[in-house]
Number of protein chains: 2
Amino acid sequence: MKGNIVVGQSGGPTAVINSSLAGVVSYARKIGVEKIYGMHHGIEGFLKDDLVDMGEYIRNDEDIELLKRTPSAFLGSCRYKLPKIEGNEEVYDKIFEILEKHNIEVLFYIGGNDSMDTVKMLSDYAAMKGKKQRFMGVPKTIDNDLPITDHCPGYASAAKYIATSMKEVIRDNESFGVEKPTILICEIMGRHAGWLTAAAALSRGEDCSGPDMIYVPERTFDMDDFLARVKKLAAEKHSVVIAVSEGIKVADGRFVCELGGGADYVDAFGHKQLSGCAVTLANKVAAETGLKTRAIEFSTLQRAATHIASLTDINEAFACGYLAAQAADEGRTGEMIVIDVKNRDPYQVGYSIHDIHDIADVERPLPAEWITEDGTDINDGYVKYALPLIQGELQPIFVNGTPHHMVLKENRG
Amino acid sequence: MKGNIVVGQSGGPTAVINSSLAGVVSYARKIGVEKIYGMHHGIEGFLKDDLVDMGEYIRNDEDIELLKRTPSAFLGSCRYKLPKIEGNEEVYDKIFEILEKHNIEVLFYIGGNDSMDTVKMLSDYAAMKGKKQRFMGVPKTIDNDLPITDHCPGYASAAKYIATSMKEVIRDNESFGVEKPTILICEIMGRHAGWLTAAAALSRGEDCSGPDMIYVPERTFDMDDFLARVKKLAAEKHSVVIAVSEGIKVADGRFVCELGGGADYVDAFGHKQLSGCAVTLANKVAAETGLKTRAIEFSTLQRAATHIASLTDINEAFACGYLAAQAADEGRTGEMIVIDVKNRDPYQVGYSIHDIHDIADVERPLPAEWITEDGTDINDGYVKYALPLIQGELQPIFVNGTPHHMVLKENRG
């Protein structure tokens, strides 16, 4: 590679998206790339020529270690979707103009489905116009819904946070309620797929029986059946804990959160933004049964908790970035790094590279065989899949009692 | 001490309430107490003679280490308030009957204001009736509102969790919103006192500017002024983060959460249970300004997150339990262990013992001089007070990727 590179981060942040950035930067530093640029707020910032010089932040291995321990998108993220090429060539020409201005040979984009679409469009446009720049995708999403790859960097850390927090709040909920049971409903992210909510099952072990029920959006939610099950559980035990995905829907297609009058709105990608499913259910249970209820939404905590990130995830996220840079250095373009799990126990991981056209805009649901027949739990098949991914920790660097982070100068104000 | 002992845990759990239990048990083991009983669900369980034999769980130093790393009340907690002695002597006689049945010489109660009231009533009754049993209080409350003691075990770990999580969600919120600012409102526990919410200020440092505003219940909340400030901040920056206490009230005395139609109910101690203050404010901001908002409630996560507990807090909680047992061994009764801070920088801590009558049912508010004049922030006086308390960590014992806990046999089902 003779030219410079630029790296962007896009979509919802994860606990390890900066480890992938660290991976790209590490390889580029190794081969002596002159200028390693970052996009400030993804392709949206890039279109305004808003670039960060990574050389100002990464001067040595210690800086790499701090970047790995930094939550959310260090460079800032965006939810900007490139328009289709036809009729919008000026947007693409603008991007290539900025690439050429900075002598950028490779553009790396770290993200999920929508971000891989950006990589696809740019590499298609380059091929169409005979441009020499190359484009590489680095997988990232807590939703774990990218196809081809065994799992996505970012997922395992969110899963580890969910499993850890479930254990803690289950224990908290068990402390009370000798006479009157308490029904705790925990809401976990996931609009369409139950990957994250399934992680509640990872709280099960010798020291924790885990949630009593787990509901994912892959199955239709039946309110009457749910209420009957809660009543039965409440008659049997003093603490009942239920994990629900934000995206669960009733038979007529409405989200559960819409039943309680919860607000919903649509983001730039046309995804419905949801909230309040656990609150809706907690209010419903309280109204119908008189039982004491509590709702907890793990909210953005579950994607930002780098302080308890999975070391396996951090290392894999780093490897995906590093290998994307290596592949680009070897002349590849229009592809994404893929994680291949060769064996789950003992865990053996490998990496390959795959055409972006098979990945962009394809969503992978939670396999049906991991959901119990009655649709109220997640079985051991999932646990075998996910358990190796949440292993290991990377101790934060504590300063004044809290984990220290690397921060853009713009955000220090 | 020739007889046996019993330990109870009461009120809202904390991340370190089990460290205090570990402290009592450690001293009792050292002096060879024959039977160390635990109350299953506090005095409520004790009244039913529902006891746990701690000897089944604590056999060596490793068990003590696991107990210290276990969140929530290992023995189970309760919110049972003893009735006044007059006219309710049968309740007290029942307690002394059970104490005598098991040859229990000292009763330890780990808890906050209401629990110290239990210690007071029992020691008063013993004095009145010439009973030989002794009663010792061990401070515990995330609310930090016990008088006399510099701070309360449990508070610092909640504060460390709040500061850490604030840093993470602030970073997450900053990742978006180049064009449209996002207003993030974080709700922190605290019905009457702003101690916990103040901990949001501990997120400030070289790498984080912290929340833009902090609202505590010690000051009246002015909705118009709040909305004007949010609008001004949103015009200046793309990420606005506000920390609010669940207990903030408007001038007519209503809780903010009541303004949005949020549910409220009263617990066994007559405290109002609140929720939804952040959601109420987020909806209000969205409706009045059209800005994008998000609400996060730290909920019980903030009192259960032993995985990021403060080592200072763990050690002090242990010391309070240990020294209570030592004091009882020396014949003391009707008292509570108190933390005395001799110097804050460098931090030097000591312990003393104080008459329970000065402590029970007395609440200590956040000092007025730590709240900024306009009532929208917490100043450096508080930070100097709290920063030494959140120092240090105790690495969890990870099993299968999540922190391992000690668990009562009853809860393993």
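Residues numbered from 1 in each chain as written. Chains lettered and ligands numbered in written order. Predicted model: local features only at pLDDT ≥ 70, side-chain atom pairs only at ≥ 80, totals over all residues. Heavy atoms only, no water.

### Re the overall build of chain A
At step 1: The number of helices and strands found in chain A is 13 helices and 15 strands.
At step 2: Projected onto the principal axes, the alpha-carbon positions of chain A cover approximately 70 × 50 × 45 Å.
At step 3: Expressed as a percentage of its 413 residues, the buried residues of chain A come to 63%.
At step 4: A sequence separation of at least 24 residues applies to 76% of the contacts in chain A between residues at least 6 apart.
At step 5: Carbon and sulfur atoms form 47% of the exposed surface of chain A, whose accessible area is close to 14400 Å².
At step 6: Distance between charge centres in chain A, computed from 44 positive and 61 negative side chains, equals 2 Å. (Helix = DSSP H or I, 4+ residues; strand = E, 2+ residues; numbered from the N terminus. Buried < 20%, exposed > 50% of the residue type's maximum accessible area, 1.4 Å probe, protein only. Contact = heavy atoms within 4.5 Å. Areas by Shrake-Rupley, 256 points an atom, 1.4 Å probe, with all protein chains shown as cover. Lys, Arg positive; Asp, Glu negative; His and termini not counted. Charge placed at Lys NZ, Arg CZ, Asp CG, Glu CD.)

### A short note on the packing of aromatic side chains
Residue and element names in this part refer to chain A.
At step 1: Within this structure, the stated rule accounts for 32 aromatic pairs over all chains.
At step 2: Each member of the aromatic cluster is reached from another via a ring pair, and the members are Y155, W195, W370, Y382 and Y385.
At step 3: Directly above the ring of F318 sits K68, whose terminal nitrogen or CZ lies 4.9 Å from the centroid.
At step 4: In this structure, K249 is placed above the aromatic ring of F255, and the distance from its NZ or CZ to the ring centre is 4.8 Å. (Phe/Tyr/Trp six-rings, centres within 6.5 Å; stacked < 30°, edge-to-face > 60°. Lys NZ or Arg CZ within 6 Å of the ring centre and 35° of its normal.)

### Regarding the interface of chain B and chain A
At step 1: Counting residues at the interface gives 68 residues for chain B and 69 residues for chain A.
At step 2: Around 5800 Å² of area is buried between chain B and chain A when both sides are counted, 53% of it from carbon and sulfur atoms.
At step 3: Contact with chain A buries area across many residues of chain B, yet E168, R171 and F176 of chain B alone supply 12% of it, more than any other trio.
At step 4: Seen at the junction of chain B and chain A, the total is two salt bridges.
At step 5: With its nearest N and O atoms 2.7 Å apart, the salt bridge here joins D172 of chain B to R303 of chain A. (Buried area = accessible area lost by both parts, 1.4 Å probe. Salt bridge = Lys/Arg side-chain N within 4 Å of Asp/Glu carboxyl O.)

### With respect to the pattern of salt bridges
Residue and element names in this part refer to chain A.
At step 1: Evaluation of the coordinates by the stated rule reveals 52 salt bridges over all chains.
At step 2: For D49, the salt bridge is made with K101, and the minimal N-O distance between the two is 2.3 Å. You can see D49 sitting in the loop between α2 (42-46) and β3 (51-53) and its partner K101 sitting in helix α4 (residues 89-101), a full 52 residues away along the chain.
At step 3: Its relative accessible area of 25% is what places D49 among the partly exposed residues.

### Examining the nonpolar core
At step 1: Among the nonpolar cores identified, the biggest contains 86 residues, and Y382 of chain A together with Y382 of chain B are the most heavily contacted of them.
At step 2: Those residues within four positions of Y382 of chain B in sequence are excluded, and the remaining contacts are Y155, W195, A198, A199, L202, L366 and W370 of chain B.
At step 3: With 37 residues, the next largest nonpolar core counts V24, V106, F108 and I337 of chain B among its residues. (Core = buried A, V, L, I, M, F, W, Y, C linked by side-chain atoms within 4.5 Å.)

### Considering the sheet that holds strand β12 (residues 335-344) of chain A
Residues and elements named next belong to chain A.
At step 1: In spatial order, the strands read β3-β2-β1-β4-β5-β12-β13; together these seven strands make up an open sheet with mixed pairing. Every other strand in the sheet has two partners, leaving β3 and β13 (347-355) as the edge strands with one partner each. Each adjacent strand pair in this sheet contributes to an overall mean axis angle of 25°, direction not counted.
At step 2: Here strand β4 (residues 104-111) pairs with strand β5 (residues 134-139) via six bridges, running parallel. Among the inter-strand pairings, L107 is bridged to a residue of β5, identified as F135. (Pairing = 2+ DSSP bridges. Axes fitted to C-alpha atoms, helices over the stretch in contact; angles between N-to-C directions.)

### Brief notes about the confidence of the model for chain A
Residue and element names in this part refer to chain A.
At step 1: In the predicted model, chain A carries a mean pLDDT of 94, and the fraction of residues at 70 or more is 95%.
At step 2: Counted against residues more than four places away or in other chains, residues 261-274, with its pLDDT under 50, gives 31 contacts.
At step 3: This complex was scored by the predictor with a pTM of 0.96 and an ipTM of 0.95. (pLDDT = per-residue confidence, 0-100.)

### As for the relation of the copies chain B and chain A
At step 1: Least-squares fitting of chain B to chain A yields an RMSD of 0.0 Å, with the superposition described by an axial translation of 0.0 Å and a rotation of 180°. Considering both components of the superposition, the chain copies are consistent with a two-fold axis. Judged by C-alpha distance, E297 of chain B is the residue of chain B that lies nearest the rotation axis, at 3.7 Å.
At step 2: Take the interface residues of chain B: 100% of them recur as interface residues in chain A, which is what a same-surface contact looks like. (Least-squares fit on C-alpha atoms with pLDDT ≥ 70 in both.)

### What about the sheet that holds strand β7 (residues 213-215) of chain B?
Residue and element names in this part refer to chain B.
At step 1: One open sheet holds the four strands; their spatial order is β7-β8-β6-β11, and the pairing between them is parallel. The open sheet has two edge strands, β7 and β11 (292-297), and neither has a second partner. Ignoring which end each strand starts from, the neighbouring axes of this sheet average 15° apart.
At step 2: As defined by bridge partners, strand β6 (residues 182-188) adjoins strand β8 (residues 239-245) across seven bridges and the pair is classed as parallel. Note that in β8 the partner of I188 across the bridge is S245.
At step 3: Along the sheet face, helix α6 (residues 155-174) touches β6, β8 and β11 and points at about 150° away from the line of β8.

### Here we look at the packing of helix α8 (residues 223-236) of chain B against helix α10 (residues 277-289) of chain B
Residues and elements named next belong to chain B.
At step 1: Close contact between α8 and α10 brings their axes to 11 Å; oriented N to C, the two are set at 65°. Overall, the two elements α8 and α10 adopt an arrangement that is roughly perpendicular. When the axes of α8 and α10 are compared, the crossing they make is right-handed. Contacts between α8 and α10 involve M223, F226, L227, V230 and K231 on the former and, on the latter, L281, K284, V285, E288 and T289. (Parallel < 35°, antiparallel > 145°, perpendicular 65-115°, else oblique. Left-handed = near helix turned anticlockwise from the far one by under 90°.)

### Structural notes on the pairing of strand β6 (residues 182-188) of chain A
Residues and elements named next belong to chain A.
At step 1: Of all seven residues making up β6, seven are buried, and the element is well covered by its neighbours.
At step 2: Where β6 lies against strand β11 (residues 292-297), six bridges are found, and the strand directions are parallel. Bridge assignment links C186 to a residue of β11, and that residue is I296.

### Here we look at the environment of S157 of chain A
Residue and element names in this part refer to chain A.
At step 1: Note on placement: S157 falls in helix α6 (residues 155-174).
At step 2: Linking S157 and D313, residues 156 residues apart in sequence, is a C-alpha distance of 6.3 Å.
At step 3: Setting aside chain neighbours within four positions, we find S157 in contact with A15, V16, A309, S310 and D313.
At step 4: Here the side chain of S157 touches S310 through a polar contact of 3.1 Å, landing on its backbone nitrogen. (Polar contact = N/O pair within 3.5 Å; in protein donor to acceptor, adjacent residues only side chain to side chain.)

### Here we look at helix α12 (residues 311-329) of chain A
At step 1: In this model α12 of chain A runs 27 Å from its N-terminal to its C-terminal C-alpha over 19 residues, within 8% of the 27 Å that 1.5 Å per residue would give.
At step 2: A positive backbone phi angle near 100° is found at G331 of chain A, which sits one or two residues after α12 of chain A. (Expected span 1.5 Å × (residues − 1).)

### What about the side chain of D53 of chain A?
Residue and element names in this part refer to chain A.
At step 1: Residue placement: D53 occurs in strand β3.
At step 2: A distance of 2.9 Å separates a polar atom in the side chain of D53 from the backbone nitrogen of G55.
At step 3: Sequence-distant contacts of D53, that is, excluding residues within four places in its chain, are made with K35 and I36.

### Examining the packing of helix α1 (residues 17-30) of chain B against helix α3 (residues 61-68) of chain B
Residue and element names in this part refer to chain B.
At step 1: Relative to each other, α1 and α3 sit at 155°, their axes nearing to 8 Å. Between α1 and α3, the angle is such that the two are roughly antiparallel. On α3, the residues that touch N18, S19, L21, A22, V25 and S26 of α1 are I64, L67 and K68.

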